[in-house]
Amino acid sequence: MNKRITFLLIAIGVSSQVMAQDEGDALRYSRLTTGGTARTQAIGGAAGSLGGDISATHVNPAGLGFFKTSEVNVSPGFYFRNNSYNYLGEATDADKSGGLLSNAGVVFGLPNRRNPNSRWKNFAFSLDYTRMANFNNKTYIAGVNTTTSYSDRWVETLNNGGSPVSLVEAEDNYPLGASLGYWGFLLNADRDQNGNPTKYYTVVNPTNPGGIDQQDVVKEKGGLDEFSLGFGGNFNEQFYMGISLNFPTIHYERNRTFAEDDLSGNNDNDFSFFEHTENLTTDAVGFNSKLGIIYSPMPSLRLGLAYHTPTWYNMRDASTATFLVNTENLPADGQSEHYVTAGYSERDLTDGFPVEYEYSLRTPARAMASVSYIFGTNEDVKQQHGFVTADVEYVNYGGTKFKYNKGAEGDRQISDRLNNVIENAYQGAVNVRVGGEMKFNVFAVRAGFSYYGNPYNSDYADVDASIKKVSGGVGYRNRGFFADLTYVHTLSTKDLYVPYTLSGMPVSAASADLKGGNIVATVGFKF
């Protein structure tokens, strides 16, 4: 726990002003699970060597070489998440659900009719969209804290490691947090005889009898979507090669409200409550390429290799914040009012504009090996019996890199420090996906399992952030029409949620129990 908090402290510390990125963002945008059609998701996402499904565009594009006809399909879905937390001894729940589009695309299969004697038997092109990551989620924790306050982190910012910032800096330089607290008189300063600050402090005192009630609500939405152009070829029914050019986009919105209420019962201790709300919108456009090969030494066996290049993103953040505070008899000196409630926004400090920042992000490359075995290889698919398939994938999450290349030298130094945090916090992980299908004439049943390894290194020994999913589904294929239905269940994952961090002080973390699932249906036609 202590080492995990240390890394978080460093990450938060290097992004405490305008730039809000930390190692959590690095993991969010680099940790992807296999989406795609209902059929692919039913077999655990193991699409690395099987081929014949448009989802291969995003896993191993060599699988497109198996298409000898054309098809179009669409895959709507529904997700739900059930999150449970325990913070300072108080249990809370946060559920989230909604609809999504998992996949949509078209494949054009092109048999080599011009030269039937050629060893190149057919080619295929694909245009496809798939959701690679779903960010829709909700976090809610609540508890009574008798040791620290959320506002203590703003005090640390203004005290600047023992060299307090100037009053002008306190008023203007931290428009999303500490400056709001200062303008709202939640934060104040002791001053020397020249009026310069010697120490900043908060009027919130959680050690008072009763403590303070804390509530933290985080609502997230958006996703990482990938638009792809894929190409695959079939050489002599043994070698299948493919490449895809991919254009991922990110849209992420986070609304967070952290509130504290005085439980002391004292109406004259300079603090009643505050509520700080932050809104972050991140948009990005990126590029990557995926290359693959599948070798079939015999009709029943397929071996696959694939490589995904790093993804390069151009990122843009837009942040806003509001602050509502009741400081009781502050700052009502000389006034008749006893209670003062004031509302402030970062727009009061930025001429009405949100705080914006542009930067670059590179997420790590991936390497994959796959194997599939087909039971019954009759060309009439009604006579085929099924298959088993498996993928093993390696990705180094510590290879994620931020670059503040549009800022000053200080920005580049900050990005170097943050990248060092990421490198020391994360490790390479192995992801395993297995699945199978049994066919009964035009009907099929499928099942799968996927394991996404823990991205944290040994310094995070108390956290196992591995993800395990089980899946199952049914399918129907007849006369050029196909329909599939799948359910994917995410098994319970144990994690920690740290609402804020303080240098040199113990902080409380919420234990988290995260689980959920999604339902996906695919409908398509061959032409």
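Our structure's up above, just so we're on the same page.
Everything in this summary refers to the structure shown in the same document. None of the values given here were measured: they were computed from a predicted structure. (Residues numbered from 1 in each chain as written. Predicted model: local features only at pLDDT ≥ 70, side-chain atom pairs only at ≥ 80, totals over all residues. Heavy atoms only, no water.)

1. Points about the overall build of the chain
And step 1. Broken down by element type, the chain carries eight helices and 21 strands.
And step 2. Here the chain, with 527 residues, has 53% of them falling under the buried criterion.
And step 3. By sequence separation, contacts in the chain at least 24 residues apart represent 73% of the contacts at least 6 residues apart.
And step 4. Here the chain displays about 22500 Å² of accessible surface, and carbon together with sulfur accounts for 55% of that area. (Helix = DSSP H or I, 4+ residues; strand = E, 2+ residues; numbered from the N terminus. Buried < 20%, exposed > 50% of the residue type's maximum accessible area, 1.4 Å probe, protein only. Contact = heavy atoms within 4.5 Å. Areas by Shrake-Rupley, 256 points an atom, 1.4 Å probe, with all protein chains shown as cover.)

2. Thoughts on empty space enclosed by the protein
To find leftover empty space, a probe the size of one water molecule is rolled over the atoms.
And step 1. As enumerated under the stated definition, the model contains five cavities of 30 Å³ or more in all.
And step 2. Looking at the largest cavity, it is lined by 28 residues, and the ones nearest its centre are Leu32, Met132, Lys290, His308 and Arg366.
And step 3. Elements that contribute at least two residues to the lining of the largest cavity include exactly helix 2 (23-30), helix 4 (56-59), strand 3 (120-134), strand 7 (212-235), strand 9 (273-298), strand 11 (311-326) and strand 14 (366-375).
And step 4. Class assignment of the residues belonging to the lining of the largest cavity gives a composition of ten nonpolar, 13 polar and five charged.
And step 5. Each pocket or cavity is described by its volume, and for the second largest cavity that value is around 50 Å³. (1 Å grid on protein atoms, 1.4 Å probe; cavity = no way out; pocket = protein on both sides within 12 Å on 5 of 7 lines; lining within 4 Å. Points joined across faces, edges and corners; volume = space filled by probe spheres on them. Nonpolar A, V, L, I, M, F, W, Y, C, P; charged D, E, K, R; others polar.)

3. Description of the side chain of asparagine 269
And step 1. Mapping asparagine 269 onto the fold places it in the loop between strand 8 (239-262) and strand 9.
And step 2. Its relative accessible area of 18% is what places asparagine 269 among the buried residues.
And step 3. Side chain to side chain, asparagine 269 and serine 264 meet in a polar contact 3.3 Å long.
And step 4. Here asparagine 269 is in contact with Val203, Asn208, Asp262, Ser264 and Glu328, once residues within four sequence places are set aside. (Polar contact = N/O pair within 3.5 Å; in protein donor to acceptor, adjacent residues only side chain to side chain.)

4. Some points on the environment of valine 470
And step 1. Mapped onto the elements of the fold, valine 470 is located in strand 19 (residues 467-478).
And step 2. Classification of valine 470 by relative accessible area gives partly exposed; the value is 33%.
And step 3. Counting along the chain gives 47 residues from valine 470 to glycine 517, while the straight-line C-alpha distance between them is 9.4 Å.
And step 4. What valine 470 contacts, discounting residues up to four positions off in sequence, is Gly448, Phe449, Tyr487, Val488, His489 and Leu491.

5. Details of the pattern of salt bridges
And step 1. As enumerated under the stated definition, the model contains 17 salt bridges in all.
And step 2. With a closest N to O distance of 3.8 Å, arginine 433 and aspartate 391 form a salt bridge. With a gap of 42 residues between them, arginine 433 in strand 17 (residues 428-440) and aspartate 391 in strand 15 (residues 386-396) connect regions that are remote in the sequence.
And step 3. The class for arginine 433 is buried, based on a relative accessible area of 2%.
And step 4. Sharing partners across several salt bridges, the network here consists of Arg39, Glu437, Arg446, Arg477 and Asp484. (Salt bridge = Lys/Arg side-chain N within 4 Å of Asp/Glu carboxyl O.)

6. Some details on the packing of aromatic side chains
And step 1. Across all of its chains, the model carries 33 aromatic pairs by this definition.
And step 2. Relative to phenylalanine 235, the ring of tryptophan 120 has its centre 5.0 Å away and its plane inclined at 65 degrees; by these criteria the two rings are edge-to-face. Of the two residues, tryptophan 120 sits in strand 3 while phenylalanine 235 sits in strand 7, which places them 115 residues apart along the sequence.
And step 3. For tryptophan 120, a relative accessible area of 31% gives the class partly exposed.
And step 4. Taking the centre distance of 5.3 Å and the plane angle of 55 degrees together, the rings of phenylalanine 443 and tyrosine 476 count as tilted. Taken together, the residues phenylalanine 443 in strand 18 (residues 443-452) and tyrosine 476 in strand 19 connect sequence positions 33 residues apart.
And step 5. For tyrosine 476, a relative accessible area of 26% translates into the label partly exposed.
And step 6. Three or more aromatic residues joined by ring pairs make a cluster, and in this case those are Tyr150, Trp154, Phe258, Phe271, Phe274, Phe323 and Tyr500. (Phe/Tyr/Trp six-rings, centres within 6.5 Å; stacked < 30°, edge-to-face > 60°.)

7. Focus: the nonpolar core
And step 1. Counting residues in each nonpolar core, the largest one holds 39 residues, and the members touching the most others are Leu158, Leu186, Tyr200 and Phe274.
And step 2. Secondary-structure elements contributing two or more residues to this core are strand 1 (71-87), helix 5 (152-159), helix 6 (167-172), helix 7 (178-183), strand 5 (187-191), strand 7, strand 11 and strand 21 (510-526).
And step 3. Leaving out residues up to four positions away in the same chain, phenylalanine 274 has contacts with Ser149, Tyr150, Ser151, Leu186, Val204, Phe258, Ala259, Glu260, Phe323, Leu324 and Val325.
And step 4. Counting residues in hydrophobic clusters, the runner-up holds 31 residues, among them Ala133, Met315, Leu361 and Leu418. (Core = buried A, V, L, I, M, F, W, Y, C linked by side-chain atoms within 4.5 Å.)

8. As for helix 5
And step 1. Along helix 5, six of the eight residues are buried, which leaves the element largely enclosed by surrounding structure.
And step 2. Burial in helix 5 covers these residues: Asp152, Trp154, Val155, Thr157, Leu158 and Asn159.
And step 3. Against helix 6, helix 7, strand 5, strand 6 (197-202), strand 9 and strand 11 lie the buried residues of helix 5.
And step 4. Asparagine 160 lies just past helix 5 and shows a positive phi near 50 degrees.

9. What about unusual backbone geometry?
And step 1. Residue asparagine 236 is not a glycine yet carries a positive backbone phi of 60 degrees.
And step 2. Counting through the fold element by element, asparagine 236 comes out in the loop between strand 7 and strand 8.
And step 3. In this structure asparagine 236 comes out as partly exposed when scored by relative accessible area, which is 27%.

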